[in-house]
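What the coordinates show
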Amino acid sequence: PNKRVGWDMRAGLRLLCPRRLPAVAATRRLGSRISSGRSLPRRFASSSSSAEDRGAPKAAAAPQAGTLLPPFLDECLRGVGQVIFLNSPASGALTLAALVYGDPWLGALAAAGTASATATARVAGLDAAAISAGLYGYNGCLVGCAFAVFLGLPAGSPAAAAAAVGGAALTAPLAAALKPLCGGVPQWTWAFNTIALASLAVIRPLAGAPPADPAAALSAVEWVLSPLAGVAQIFVVGDAVSGAMILGATALYSPACAVAAAYGSAVGAGTGYLLGAPAAEIATGLWGFNPSLTALAVSVFYVPSAGAAALATGGAVATAAVFGGAKGAVAASLGIPIATLPFCAVASGCHLLSHANLPGLVLAAAPHSPEKNVAAG
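Residues numbered from 1 in each chain as written. Predicted model: local features only at pLDDT ≥ 70, side-chain atom pairs only at ≥ 80, totals over all residues. Heavy atoms only, no water.

1. Things to note about the overall build of the chain
Along its length, the chain carries 17 helices and zero strands. Across the 377 residues that make up the chain, the buried fraction comes to 56%. Across the chain, every contact between residues at least 6 apart in sequence was considered, and the portion connecting residues at least 24 apart equals 78%. By element, 69% of the accessible surface of the chain is carried by carbon and sulfur atoms, the whole surface being about 13,300 Å². (Helix = DSSP H or I, 4+ residues; strand = E, 2+ residues; numbered from the N terminus. Buried < 20%, exposed > 50% of the residue type's maximum accessible area, 1.4 Å probe, protein only. Contact = heavy atoms within 4.5 Å. Areas by Shrake-Rupley, 256 points an atom, 1.4 Å probe, with all protein chains shown as cover.)

2. Describing a nonpolar patch on the surface
Residues V221, V224 and L225 make up a contiguous nonpolar surface patch of roughly 270 Å² in combined accessible area. Within the secondary structure, V221 sits in helix α10 (residues 220-233). The exposed category is assigned to V221, whose relative accessible area is 55%. (Patch = residues over 30% accessible without salt bridge, like charges linked within 9 Å, V, L, I, M, F, W, Y side chains within 5 Å. Salt bridge = Lys/Arg side-chain N within 4 Å of Asp/Glu carboxyl O.)

3. Side note on the packing of aromatic side chains
One pass over the structure, following the stated rule, counts seven aromatic pairs. With a centroid separation of 5.4 Å and an interplanar angle of 75 degrees, the aromatic rings of W223 and Y273 are classed as edge-to-face. Here Y273 lies in helix α12 (residues 255-274) and W223 lies in helix α10, a separation of 50 residues in the sequence. Owing to a relative accessible area of 53%, Y273 belongs among the exposed residues under this scheme. Taken together through their ring pairs, the aromatic side chains of F85, W188, F301 and F343 make up a single cluster. (Phe/Tyr/Trp six-rings, centres within 6.5 Å; stacked < 30°, edge-to-face > 60°.)

4. Let's talk about the nonpolar core
In terms of nonpolar packing, the biggest core is built from 81 residues, with I84, L99, W188 and F235 touching the most fellow members. Take this core: its biggest share by element is 10 residues, from helix α7 (residues 138-150). Within the second largest apolar cluster, nine residues are counted, among which are L311, A312, V346 and L361. (Core = buried A, V, L, I, M, F, W, Y, C linked by side-chain atoms within 4.5 Å.)

5. Considering the confidence of the model for the chain
Across the chain, pLDDT averages 86, with 82% of residues at or above 70. Ignoring residues within four places in sequence, the model shows residues 9-40, a span with pLDDT below 50, making 100 contacts including any to other chains. Counting contacts from residues 42-62, a segment whose pLDDT is below 50, to residues more than four positions away or on other chains yields 78 contacts. (pLDDT = per-residue confidence, 0-100.)

6. A short note on the pattern of salt bridges
If you walk through the whole model with that rule in mind, you get three salt bridges. Across the pair R122 and E75 runs a salt bridge whose closest N-O atoms are separated by 2.8 Å. Of this pair, R122 sits in helix α5 (residues 104-124) while E75 sits in helix α3 (residues 71-82), and the two are 47 residues apart along the sequence. A salt bridge links E281 to K327; the shortest N-O distance between them is 3.3 Å. With E281 in helix α13 (residues 279-283) and K327 in helix α15 (residues 306-334), this pair connects stretches of sequence that are 46 residues apart. By relative accessible area, E281 is classed as buried at 1%.

7. Quick look at helix α4 (residues 89-102)
The terminal C-alpha atoms of α4, which comprises 14 residues, lie 20 Å apart, in line with the 20 Å expected from a rise of 1.5 Å per residue. The element α4 is extensively covered by neighbouring structure, given that 13 of its 14 residues are classed as buried. Where α4 begins, the side chain of S88 points an oxygen toward the backbone nitrogen of A90, at a separation of 3.3 Å. (Expected span 1.5 Å × (residues − 1). Polar contact = N/O pair within 3.5 Å; in protein donor to acceptor, adjacent residues only side chain to side chain.)

8. Some thoughts on the environment of A209
Among the structural elements, A209 can be located in the loop between α9 (190-203) and α10. Between the C-alpha atom of A209 and that of G335, which follows or precedes it by 126 residues, the distance is 8.5 Å.

9. Topic: the packing of α9 against helix α16 (residues 341-352)
What describes two packed helices is the angle between their axes and the distance between those same axes. Close contact between α9 and α16 brings their axes to 9 Å; oriented N to C, the two are set at 150 degrees. Overall, the two elements α9 and α16 adopt an arrangement that is roughly antiparallel. The two elements α9 and α16 meet at a crossing, and its hand is left-handed. Listed contacts from α16 to W190, N193 and L197 of α9 are L341, C344, A345 and S348. Per-class residue counts for the contact of α9 with α16 are five nonpolar, two polar and no charged. (Axes fitted to C-alpha atoms, helices over the stretch in contact; angles between N-to-C directions. Parallel < 35°, antiparallel > 145°, perpendicular 65-115°, else oblique. Left-handed = near helix turned anticlockwise from the far one by under 90°. Nonpolar A, V, L, I, M, F, W, Y, C, P; charged D, E, K, R; others polar.)

Laid out in structure tokens, this is it:
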């Protein structure tokens with residue numbers, strides 16, 4: 001069965017079995033009929049070298065070229081994709097289909113959160129080019145995912161839906177406020193972490209959670225599937241099939257990005273094993289999702305090289321180590337998951353290494369994907 005396993009860092013281990021909906025097929029058809037747009041990855045740095053300055057004009061955004069979708073729908077689908085650096089409504093639609101497959105309620109709140117954050121950015125008159133590229137939607141998407149799992153409310157709960165919509169709306173002005181504070185470093189998912197974890201600290205969903213069984217072992221199949229589960233856990237879904245679908249959506253945008261995401265997740269799982277992590281945490285992808293994001297970020301922001309590959313590997317290992325060192329303390333003291341804080345911290349360090357003039361580490365002039373970065377470099 002499909003499993004919703006939500007970042008439970010001490011037990012990983014609320015397993016639900018939602019039914020599958022026919023909406024998945026419809027979303028897949030939608031994804032096959034819409035195309036990706038111009039290059040504007042999720043960066044949201046704050047200086048004159050920011051994403052808006054280097055990757056897109058600041059003028060009022062017209063509908064993205066190559067899509068027949070209504071502008072707001074296009075922006076929302078890009079917002080879902082931008083969680084994993086995909087500025088494409090097609091990839092966003094397929095990613096949303098993967099979430100619906102793994103957990104229909106989570107998929108619904110992810111869509112609602114993305115729409116809420118995007119609409120708030122529009123009403124507030126925030127940067128039009130960034131809105132058009134989905135950069136104000138991705139934090140809201142993640143808020144919806146987290147609240148679907150951690151609020152402890154049943155699927156279909158109006159209170160959960162209201163909380164997701166309200167929390168997601170707050171990420172848009174927060175992202176705008178964080179932008180000048182980040183210097184030349186992308187702001188990653190700081191806005192999501194701030195809103196989601198501050199909210200969850202009130203209810204402490206992991207307080208008193210029992211530790212995972214350290215004696216359990218992984219089967220060969222679980223080892224093979226754990227990197228896929230890690231990719232799905234980026235969206236708080238612990239389902240390998242959903243992870244494979246997300247990688248497919250990523251490959252539609254950039255095959256090299258899909259490889260980086262899967263590789264980072266596998267490195268995270270391997271690091272967890274070497275650090276003696278409980279098998280259940282590895283199998284459900286809890287050790288993979290933060291390293292996956294770090295490796296993916298390096299692939300998007302750096303020109304491909306041996307140095308960049310080494311940085312992606314080292315960054316993924318470091319991210320898993322930070323996760324392993326902090327998850328228990330955060331869960332025990334605050335009763336909350338660690339979310340994507342390890343990714344934000346380590347990815348920031350990886351980005352700052354660009355100022356060290358290390359051989360083989362060159363930031364892309366207009367970060368997009370390894371394929372386009374190397375062509376432009």
